[in-house]
Amino acid sequence: MTQFTFRNREAAVRRSSYLLTRLTAVVAGLLLTVAGALTLAATPAQAASLTQVASFGSNPGNLTMYAYRPDNLPANSPAVVLLHGCTQNASGYFANSGWQKYADQWKFALIVAEQKSGNNANACFNWFEPGDTARGQGEALSIKQMVDHAKTNFGVDGSRVYVSGLSAGAAMSAVMLATYPDVFAAGSIIAGIPYRCATSMVNAFSCMTPGTDKSPAAWGDLVRGAYSGYTGPRPRVAIWHGTSDYTVAPLNATESRDQWTNVRGISQTPTSTSSLPGGTSLEVYGNDEVRLYRVSGMGHGTPVDPGSGADQCGTAGAYFLDTICSTYRDAVFFGLGGGGTDPTNPPPTTTPPPTTTPPAPTCVTASNYAHVSAGRAYQSGGYAYANGSNQRMGLYNTFYTSALKQTGPNYWVVGC
């Protein structure tokens, strides 16, 4: 009896020891599982990168779409479409143009289109082919479908979409602004060509150099014909060109200026001019509706200015020329800086137009900073506005010069 009891007790001890061992193993496994889950939760999300989009529509132009969405991109953010030049590709233009810096800083998406060598041996967008430059067709429609995809899948604000490109990409930017004025709020044409200057490869070369001279009305009619019957707002346009560009003649900058000022219904005489870094002159037309930047001595390429300054960007190299950061100024022109609003309209003011007999007009030409200091203008959101008329004069700084004419008590208009 005693031996039996002892053996029972020994077996019970062994069973208890076994159960304790199993329980300890289970608890340890649970702790490892929880620790692993916590580790995964603590791992940061993968950093934003340029990513190919496999499918974005019928893609009749057979282009490739890439997208860049900065980390923590808010809903209803703006987007900029980028179009590279000949012999370039999407990743190279994205890496060197400086757009990633401001997309990260000011939180907007980038849509980067890429041409395929099967469409063009030099990877140029076919800006001279009628089937690729008409609304609802070819490459133009493919790019528009990229925007549609971004609006649907990325939450992009459809009222704040912009386009910028270099050379053939700039000519294609003009195509998008002409054919889809209901899609793009503004655009930038860098070393580009007016819309519909060429309708075949044969006359494309003569458009590039020496360039084609048409009247502003003739150029404007080509844009108006791109979307017949359209009566909505037209995009604002910035034009960049090097004065020593021997690939695309500088005459194209003047002709593009004539085209887009005519489309906007404004004079071909600038309302203000200013000198900027990098040997750059800026002519502003209308109420900052069209800008023309001429970069002295620069050849064919996108103006960049490597550095860490707020207005510096990009990497110098082939077709990325160290002069001035065009991307910074385009982003500001588009209204992307400081929250992404597009200040196309002057802010409201409580100053009413004059009701008394105005004095003889007085004209003053000075920097926008000096105008504000003297009480002829005021600044809001980094821009200067004329007192009374509320006309926008350009950026509020000492580099922008404007001519103001006084037509009444504390009532000034741009231009003398």
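Here, residues in each chain are numbered from 1, in the same order as that chain's written sequence. Local features are withheld for residues below a pLDDT of 70 in this predicted model, meaning they are given only at 70 or higher, and side-chain atom pairs are given and counted only at 80 or more; totals for whole chains, interfaces and linings count all residues. Each side-chain value is derived from all of the structure's non-hydrogen atoms; neither hydrogens nor water enter the calculation.

Draft legend 1. Structural view of the packing of helix α4 (residues 138-153) against helix α5 (residues 168-179). Contact geometry of α4 with α5 gives a least axis separation of 10 Å together with a crossing angle of 75°. Taken together, the axes of α4 and α5 lie roughly perpendicular to each other. Side by side, α4 and α5 meet where E139, A140, I143 and K144 of the first sit next to M172, V175, M176 and T179 of the second. Here the contact of α4 with α5 is composed, by residue class, of five nonpolar, one polar and two charged. For helices, the axis comes from a line fit to the C-alpha atoms of the stretch in contact; other axes are also lines fit to C-alpha atoms, and the angle between any two N-to-C directions lies between 0 and 180 degrees. Under the DSSP-based scheme used, a helix requires at least four consecutive residues in state H or I and a strand at least two consecutive residues in state E, with every element numbered from the N terminus. Under this scheme an angle from 65 to 115 degrees is roughly perpendicular, one under 35 degrees roughly parallel, and one over 145 degrees roughly antiparallel; angles in between are oblique. Throughout, a contact is declared for two residues whenever any of their heavy atoms are within 4.5 Å. For this classification, the nonpolar set comprises Ala, Val, Leu, Ile, Met, Phe, Trp, Tyr, Cys and Pro, the charged set comprises Asp, Glu, Lys and Arg, and every other residue, Gly included, is treated as polar.

Draft legend 2. Expanded view of the sheet that holds strand β14 (residues 377-380). When DSSP finds two or more bridges between two strands, those strands count as paired. Spatially, the three strands line up as an open sheet ordered β14-β15-β16, and their pairing is antiparallel. The open sheet has two edge strands with one neighbour each: β14 and β16 (392-395). Here the average twist between neighbouring strands, direction ignored, is 25°. Pairing of β14 with strand β15 (residues 383-386) involves four bridges; the strand directions are antiparallel. When the sheet's bridge partners are listed, S380 is paired in β15 with Y383.

Draft legend 3. Molecular detail of α4. Across its 16 residues, α4 extends 22 Å between first and last C-alpha, which sits within 8% of the 22 Å expected from 1.5 Å per residue. Categorising residues by exposure relies on relative accessible area from a 1.4 Å probe, with only protein chains included: less than 20% of the type maximum marks a residue as buried, more than 50% marks it as exposed, and the intermediate range marks it as partly exposed. Among all positions of α4, only G138, E139, A140, L141, S142, I143, Q145, M146, V147, H149 and A150 are buried. Buried positions along α4 lie against β1 (51-53), β2 (64-68), β3 (77-83), β4 (109-114), β5 (156-166) and α5. A helix is expected to reach a length of 1.5 Å times the quantity of its residues less one.

Draft legend 4. Quick look at the pairing of β4. The buried fraction of β4 is high, at six of six residues. Side chains A109, I111 and A113 project from β4 onto one buried face, and the interleaved L110, V112 and E114 project onto a second face that is buried too. Inspection of the sheet shows β2 paired to β4 by five bridges, in the antiparallel sense. Counted as the bridge partner of M65 is A113 from β4. Relative to β4, β3 runs parallel, the two being bridged by five bridges. Counted as the bridge partner of L83 is A113 from β4.

Draft legend 5. Local environment of empty space enclosed by the protein. Points on a 1 Å grid over protein atoms alone make up a cavity when a 1.4 Å probe fits among them but cannot get out, and a pocket when they form an open set with protein on both sides within 12 Å along at least five of seven lines; lining residues each have an atom within 4 Å of a point. Grid points are joined across faces, edges and corners, and a volume is the space filled by probe spheres set on the points. All told, the structure shown has one cavity of 30 Å³ or more when counted by the stated rule. Computed from the structure, the largest cavity encloses a volume of approximately 30 Å³. Surrounding the largest cavity, W127, A171, V175, I193, P194, Y195 and R196 form its lining. A class-by-class count of the residues in the lining of the largest cavity yields six nonpolar, no polar and one charged.

Draft legend 6. Looking closely at the packing of aromatic side chains. In summary, the pairing rule links any two rings of Phe, Tyr or Trp, Trp by its six-membered ring, whose centres are within 6.5 Å, and it sorts them by plane angle into stacked for under 30 degrees, edge-to-face for over 60 and tilted for everything else. Enumeration according to the criterion identifies 12 aromatic pairs in this entry. Consider the rings of W99 and F108, whose centres lie 6.1 Å apart with planes at 80°: the pair is edge-to-face. With respect to burial, W99 and F108 carry one shared label: buried. Seen in terms of ring centroids, Y227 and Y230 are 5.0 Å apart; in terms of plane orientation they differ by 20°. Their pairing is stacked. A residue is classified by how much of its surface remains accessible, and Y230, at 17% relative accessible area, is buried. A network of ring pairs unites the aromatic residues W99, F108, Y162, F333 and F334 as a single cluster. The criterion for a charge sitting over a ring is simple: Lys NZ or Arg CZ within 6 Å of the ring centre, and within 35 degrees of the ring normal. Between K214 and the ring centre of W219, over which it is positioned, the NZ or CZ distance is 5.5 Å.

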